[in-house]
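Tertiary structure, described
Residue-level listing of the chains:
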Amino acid sequence: MDVKVDFIAEINRMRREKNAVILAHFYQTGDIQDIADYVGDSLALAQWAAGTAADIIVLCGVHFMGETAKILSPEKKVLIPDRDAGCSLAESCRAGEFETFVRAHPGYQVISYVNTTAAVKALTDVVVTSTNARKIVDTFPKDAKLIFGPDRNLGNYINSVTGRQMLLWNGACHVHEQFSTEKILALKKAYPEAEVIAHPECKQPVLTIADYIGSTAALLKYTGQSPKTQFIVATESGILHRMQKQNPEKLFLPAPPNDSTCACNECNFMRLNTIEKLYLCLRDETPEISVDPGIRERAVRPIRRMLELS
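First, a word on scope: everything that follows refers to the structure included in this document. Note that the structure is predicted; figures quoted are calculated from it, not measured.

Observations concerning the environment of Val 21
Positionally, Val 21 belongs in strand S1 (residues 20-25). A relative accessible area of 8% means that Val 21 is categorised as buried. A sequence separation of 69 residues divides Val 21 from Ala 90, and the C-alpha atoms of the two residues are 25 Å apart. Those residues in contact with Val 21 that lie beyond four places of it in its chain are Asp 37, Thr 52, Ala 54, Ile 56, Ile 57 and Val 58.

This is the structure:
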C-alpha cells in the first residue's frame with residue numbers, strides 16, 4: 001500500500017464501528033492471533049460463530065471454516081481475509097466423488113470431519129472435529145456401518161482407539177502428512193527430556209512415538225498442565241505461538257517435516273492471511289463467504305448435531 005496505515009489501530013476502530021468479531025484459528029500467525037477477539041480450534045470457532053451477536057464475522061482461517069460460520073449464521077456477513085485460503089484436506093474430498101462413494105455403500109451412516117466443504121457436509125449425518133471425533137463415534141451402536149471422511153489418518157486413529165472398522169475416505173492434510181519420524185527421533189535425542197505430542201491427523205508412525213495425542217486445543221491444554229517443560233510439537237507450527245504465550249517458561253520445538261530445508265511445518269493456506277489483508281477485508285467487507293441455500297439447509301443439520309453432542 002502507498003499510504004502508511006496503522007493496521008492494528010484501524011482494525012480495532014472498524015470492528016467497533018461495524019460490530020464485527022474477529023475469530024482466528026490456532027494455525028494463524030501470531031499477530032493475527034493477538035488481535036483476534038477469540039482464538040480456537042475448529043470446534044470452538046464453530047461454537048463462537050453460532051453464538052455471536054456481531055453483524056460481521058471475520059474468520060481468520062481457511063475457506064471451510066468461513067463456510068461453517070455462514071451455515072450456522074446465514075443472516076450475518078461472513079468474511080475471510082484471503083479467498084484463496086483453502087485446505088488440502090477439504091480439497092482431497094470432492095463432493096461429487098464423495099457422493100458416489102456414499103451411494104456405493106447403502107446402509108452406511110456418514111461421519112465427516114469438519115475440514116470439508118459445505119457440499120460434503122450436506123451429504124453427512126454428523127460432523128466431527130479432532131476434539132470430539134471419538135466421543136461422537138462412540139454414540140453410534142458398535143455394529144453400526146460407518147463411513148468416515150475425509151482424513152484417513154484421523155479415521156485410522158479413531159478406529160484404533162474405539163475398536164471400530166469404519167470405512168475410510170482416502171484423504172489427508174498436507175501438513176500432517178509431512179512430519180518425519182526419523183527427524184523427530186533425532187530431535188528427541190538432542191532434547192531427551194522433551195515429550196513428543198502429536199495431532200491425530202499425523203501418520204501412524206508419528207503417533208506411535210508420541211507421548212500424547214490430541215486435538216489442537218487438547219495439545220495446548222496438555223502443555224499447560226504437564227509438569228514437563230520441553231515439548232516437540234507435531235502439528236502446524238502456528239500453535240507454538242499460543243503455547244509459548246501461555247507457558248513462557250517452557251520450551252516448544254516444532255516437529256520437523258521431511259523437507260530438509262525447513263525446521264518447522266506450516267500450512268501454506270493458513271499463512272495466506274495477513275494483518276494487511278485483515279485490514280482490507282474489514283475496510284471493504286470482502287471477500288465474503290456465501291453458501292447455496294439448499295446446501296446450507298442440508299449442511300446445517302449435521303453441524304448442529306455435532307454441537308448438541310459436544
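Read on, since the account is not over.
Quick look at the sheet that holds strand S9 (residues 195-198)
Backbone hydrogen bonds hold the strands of a sheet together, and the pairing may be parallel or antiparallel. As summarised here, the arrangement of the four strands in space is S10-S9-S11-S12, forming an open sheet in which the pairing is parallel. The strands lining the two open edges of the sheet, one partner per strand, are strand S10 (212-213) and strand S12 (251-254). Examined bridge by bridge, S9 and strand S11 (residues 230-234) share four bridges and lie parallel to one another. Bridge assignment links Ala 198 to a residue of S11, and that residue is Ala 234. Set on the sheet, helix H14 (residues 239-246) makes contact with S9, S11 and S12; between it and S12 the angle comes to about 170°.

A few points about the packing of helix H1 (residues 7-17) against helix H15 (residues 275-284)
Between H1 and H15, the shortest axis-to-axis distance is 10 Å and the interhelical angle comes to 30°. Classed by the angle they form, the pair H1 and H15 counts as roughly parallel. Here H1 runs over H15; the crossing is left-handed. Residues Phe 7, Ile 8, Glu 10, Ile 11, Met 14 and Arg 15 of H1 pack against Ile 275, Glu 276, Leu 278, Tyr 279, Leu 282 and Arg 283 of H15. For the contact of H1 with H15, a count of residues per class yields eight nonpolar, no polar and four charged.

Focus: the pattern of salt bridges
When the charged atoms of two side chains lie near each other, side chains of opposite charge can form a pair. Across all of its chains, the model carries 13 salt bridges by this definition. With its nearest N and O atoms 2.8 Å apart, the salt bridge here joins Lys 245 to Asp 34. Residue Lys 245 is found in helix H14, and its partner Asp 34 is found in helix H2 (residues 30-35); the two are separated by 211 residues along the sequence. Note on Asp 34: relative accessible area 42%, which makes it partly exposed. When the shortest N-O distance is used, the salt bridge between Lys 76 and Glu 75 registers 3.9 Å. Overall, Lys 76 belongs to the buried group, its relative accessible area being 10%. The class for Glu 75 is exposed, based on a relative accessible area of 59%. By sharing partners, the salt bridges in this structure join Glu 10, Arg 13 and Glu 17 into a single network.

Observations concerning the sheet that holds strand S4 (residues 77-79)
The four strands lie next to each other as S2-S1-S3-S4, forming an open sheet whose pairing is parallel. Edge strands, defined here as strands with exactly one partner in the open sheet, are strand S2 (38-40) and S4. Pairs of neighbouring strands in the sheet enclose a mean axial angle of 20°, with direction left out of account.

Describing the side chain of Lys 250
Locating Lys 250 in the fold gives a position in the loop between H14 and S12. Of the side chains with opposite charge, Glu 249 comes closest to the buried, unpaired Lys 250, at an N-O distance of 4.7 Å. At 2.7 Å, the side chain of Lys 250 and the backbone oxygen of Thr 223 are in polar contact. In terms of polar contacts, Lys 250 uses its side chain to reach the backbone carbonyl oxygen of Ser 226, at 2.7 Å. The contacts of Lys 250, once residues within four sequence positions are left out, are Thr 223, Gly 224, Ser 226, Lys 228, Thr 229, Phe 231 and Gln 244.

What counts, and at which threshold
Residues numbered from 1 in each chain as written. Predicted model: local features only at pLDDT ≥ 70, side-chain atom pairs only at ≥ 80, totals over all residues. Heavy atoms only, no water. Helix = DSSP H or I, 4+ residues; strand = E, 2+ residues; numbered from the N terminus. Buried < 20%, exposed > 50% of the residue type's maximum accessible area, 1.4 Å probe, protein only. Contact = heavy atoms within 4.5 Å. Pairing = 2+ DSSP bridges. Axes fitted to C-alpha atoms, helices over the stretch in contact; angles between N-to-C directions. Parallel < 35°, antiparallel > 145°, perpendicular 65-115°, else oblique. Left-handed = near helix turned anticlockwise from the far one by under 90°. Nonpolar A, V, L, I, M, F, W, Y, C, P; charged D, E, K, R; others polar. Salt bridge = Lys/Arg side-chain N within 4 Å of Asp/Glu carboxyl O. Lys, Arg positive; Asp, Glu negative; His and termini not counted. Polar contact = N/O pair within 3.5 Å; in protein donor to acceptor, adjacent residues only side chain to side chain.

Scope: geometric values only; no functional claims are made or implied.
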